[in-house]
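Coordinate inspection notes
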Amino acid sequence: MRTTDAPGRRRSGRVATAVALAGVVSVGALALSACGGPTAATESTEAMTVTPVRGELVLEFDEGLSAEGDSMERIQSSGTATLRIGVSTAGGGFLERVEGRSGYAVRTPAFTATGKTPAAVLVIKPRGADQLSPGTRPVRWGIDMMLDEEQGDAPADNGDNLLQRGLFDHQAQIKLQIDHDVPSCRVRGSEGEALVVAETAVERGAWYRLACQLRGDELSLTVGLPGRPAPQRWSVPASVGSIEFRRSEPVAIGGKVDRRGNIQPRDTDQFNGLLDNVYLDISS
């Protein structure tokens, strides 16, 4: 894994109780409270306000040393935290800088059902103090993404992880993922875990803006088409306590890595498509 230092600059697991539906075109939203019982999510629709991406971690992919069409190896964050950013690869996978929705975006490896699974994941670690561990503070994280038209299930690639810190069985986790075209957010803290799942699938080949937010005792998921009104929003109760990460725990963008930042070739959860405007924002 190659890494680069990104000085901070201020600029303007799926849970086993998920509902399975025949054909899987939509999934009901559930939460797991500290006592383990499923709770139905609430849904609302409101006008979309496009705000500048901001936070401790901000990846817009419009800065850096990679030219369009080149493999991305050196990436900068324009967030406020000082971070070490690298790319972990396996099976011949790589990240490519391409034209995006606005400016540049990242092209991740395409899905393949045979042979080795190509994988490439952005790996972010704090440099110095850990500014990416929310504790009990509100936290929001999100991404603009476009799923490839060709998707599928393979033994080593049966999910699409977007942003994740902590693994399913770790003491703390925040996660944004897509399963069978359906977005979801998961958190785990000292007092329990919560999961909110969209009730509608996204369309392949179209840009979406996905956002998770944990504020107070509520976890919400917003799914919108950038530049268009009326995103969909779902929320669930989320009394999860404090979310404290080990400083060595990396943030992974586009797939799954272990604590050392290495891709597990047999379980990559590689996202297949385009990514842009990644952020992680913790309220002080």
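Described in the following lines is the structure provided in the data block. (Residues numbered from 1 in each chain as written. Predicted model: local features only at pLDDT ≥ 70, side-chain atom pairs only at ≥ 80, totals over all residues. Heavy atoms only, no water.)

**Structural notes on the pattern of salt bridges**
In plain terms, the rule: When a carboxyl oxygen of Asp or Glu lies within 4 Å of a side-chain nitrogen of Lys or Arg, that pair is called a salt bridge. Secondary structure follows DSSP: runs of H or I at least 4 residues long count as helices, runs of E at least 2 residues long count as strands, and numbering of each begins at the N terminus. A simple rule labels every residue: compare its accessible area, found with a 1.4 Å probe on the protein chains alone, to the largest value its type can have, and call it buried under 20%, exposed over 50%, or partly exposed in between.
Tallied over the full model, the rule gives 11 salt bridges. Two residues, D281 and R54, come together in a salt bridge whose shortest N-O distance is 2.9 Å. Of the two residues, D281 is situated in strand β19 (residues 273-282) and R54 in the loop between β4 (42-45) and β5 (57-59); the sequence distance between them amounts to 227 residues. By relative accessible area, D281 is classed as buried at 8%. For R54, a relative accessible area of 46% translates into the label partly exposed. A salt bridge links R140 to D281; the shortest N-O distance between them is 2.9 Å. Residue R140 is found in strand β10 (residues 139-147), and its partner D281 is found in strand β19; the two are separated by 141 residues along the sequence. Note on R140: relative accessible area 17%, which makes it buried.

**A closer look at the pairing of strand β11 (residues 160-165)**
Consecutive residues of a regular strand have side chains that alternate between opposite faces of the sheet. Heads up, the rule is: Each pair of strands is called paired provided DSSP finds at least two bridges between the two strands.
With six of its six residues buried, β11 lies for the most part within the structure. Judged from the five bridges that link them, β11 and strand β12 (residues 173-179) form a sheet pairing that is antiparallel. Along β12, the bridge assignment pairs D160 with I178.

**A short note on the state of the cysteines**
The bond known as a disulfide is covalent and runs between the sulfur atoms of two cysteines. Our working definition: In plain terms, two cysteine sulfur atoms within 2.5 Å form what is called a disulfide here.
Applying the stated criterion to the full structure yields one disulfide. A disulfide bridge connects C185 with C212, and the sulfur atoms are separated by 2.0 Å. Taking the sign of the torsion about the S-S bond as the criterion, the disulfide between C185 and C212, at about -85 degrees, is left-handed. Of the two residues, C185 is situated in strand β13 (residues 182-189) and C212 in strand β15 (residues 207-215); the sequence distance between them amounts to 27 residues. Each member of the pair, C185 together with C212, is buried.

Shape is all these values report; function is a separate question.
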